Amino acid sequence: KPIPPSPPRHSLDRASEIRQFLSPVEKQCHLKNEKAALQQLLPAYLGYTISLVTGNPLPLLVGAASLMGKDPMQEENANVNGFRGMGG
C-alpha cells in the first residue's frame with residue numbers, strides 16, 4: 001500500500017493518518033474474531049444437533065461447557081481497542 005501524501009505543514013491530521021494505517025489491522029482482527037467465534041461455537045452446535053437426534057442431553061451439556069471457556073481473542077481485542085484510542 002502506498003504511503004499517503006503528507007498533510008500541509010501546519011494542518012496535521014494525525015488522527016486520520018493513524019486510522020488510515022490501522023484500518024488493515026482492524027480488518028484482520030475482525031476476520032480473526034469471526035474465525036475464533038466459529039471455532040468456539042461449533043462444539044455447541046454439534047452438541048445441540050446430536051442431542052436433538054439422539055434425545056440424550058449429555059452432548060448438549062458438553063457443547064455448552066465449551067462456551068464457558070476464556071475468549072481466545074480477548075487480549076488482541078484489547079490491543080486493537082488501545083490502538084483505536086490512539087487514533088482519536
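Residues numbered from 1 in each chain as written. Predicted model: local features only at pLDDT ≥ 70, side-chain atom pairs only at ≥ 80, totals over all residues. Heavy atoms only, no water.

Looking at the overall build of the chain
Broken down by element type, the chain carries three helices and zero strands. Sequence-ordered secondary structure for the chain, helices as α and strands as β, is α-α-α. Each of the 88 residues in the chain was classed as buried or not, and the buried ones make up 15%. Taking as baseline every contact in the chain between residues at least 6 positions apart, the subset at least 24 positions apart corresponds to 59%. Entry remark: accessible area of the chain is about 7,100 Å², with carbon and sulfur atoms responsible for 65%. (Helix = DSSP H or I, 4+ residues; strand = E, 2+ residues; numbered from the N terminus. Buried < 20%, exposed > 50% of the residue type's maximum accessible area, 1.4 Å probe, protein only. Contact = heavy atoms within 4.5 Å. Areas by Shrake-Rupley, 256 points an atom, 1.4 Å probe, with all protein chains shown as cover.)

Comments concerning the environment of Ser23
Of note, Ser23 is situated in helix H1 (residues 14–54). A polar contact is formed between the side chain of Ser23 and the backbone oxygen of Gln20, at a distance of 3.2 Å. (Polar contact = N/O pair within 3.5 Å; in protein donor to acceptor, adjacent residues only side chain to side chain.)

Examining the confidence of the model for the chain
When pLDDT is averaged along the chain, the result is 79; 80% of the residues meet or exceed 70. When pLDDT is averaged over each helix and strand of the chain, the minimum, 73, is found for helix H3 (residues 74–86) and the maximum, 86, for helix H2 (residues 58–66). (pLDDT = per-residue confidence, 0-100.)

Looking at H1
For H1, with 41 residues, the first-to-last C-alpha span of 59 Å sits near the 60 Å given by 1.5 Å per residue. Remark: the principal bend of H1, roughly 40°, maps to Leu22, with a proline, Pro24, within the next four residues. Considered for burial, the residues of H1 that qualify are Glu17, Ile18, Leu22, Cys29, Ala36, Ala44, Gly47 and Ser51. In the segment just after H1, Gly55 is the residue with positive phi, at about 80°. (Expected span 1.5 Å × (residues − 1). Bend = angle between axes of the 7 residues up to and from the residue.)

Considerations on the packing of H1 against H2
It is the contact of H1 with H2, at a shortest axis distance of 7 Å, that shows an interaxial angle of 170°. Judged by the inter-axis angle, H1 sits roughly antiparallel to H2. Along its contact with H1, which presents Gln40, Pro43, Ala44, Gly47, Tyr48, Ile50 and Ser51, the element H2 presents Pro59, Leu60, Gly63 and Ser66. Class assignment for the residues of the contact of H1 with H2 results in six nonpolar, five polar and no charged. (Axes fitted to C-alpha atoms, helices over the stretch in contact; angles between N-to-C directions. Parallel < 35°, antiparallel > 145°, perpendicular 65-115°, else oblique. Nonpolar A, V, L, I, M, F, W, Y, C, P; charged D, E, K, R; others polar.)

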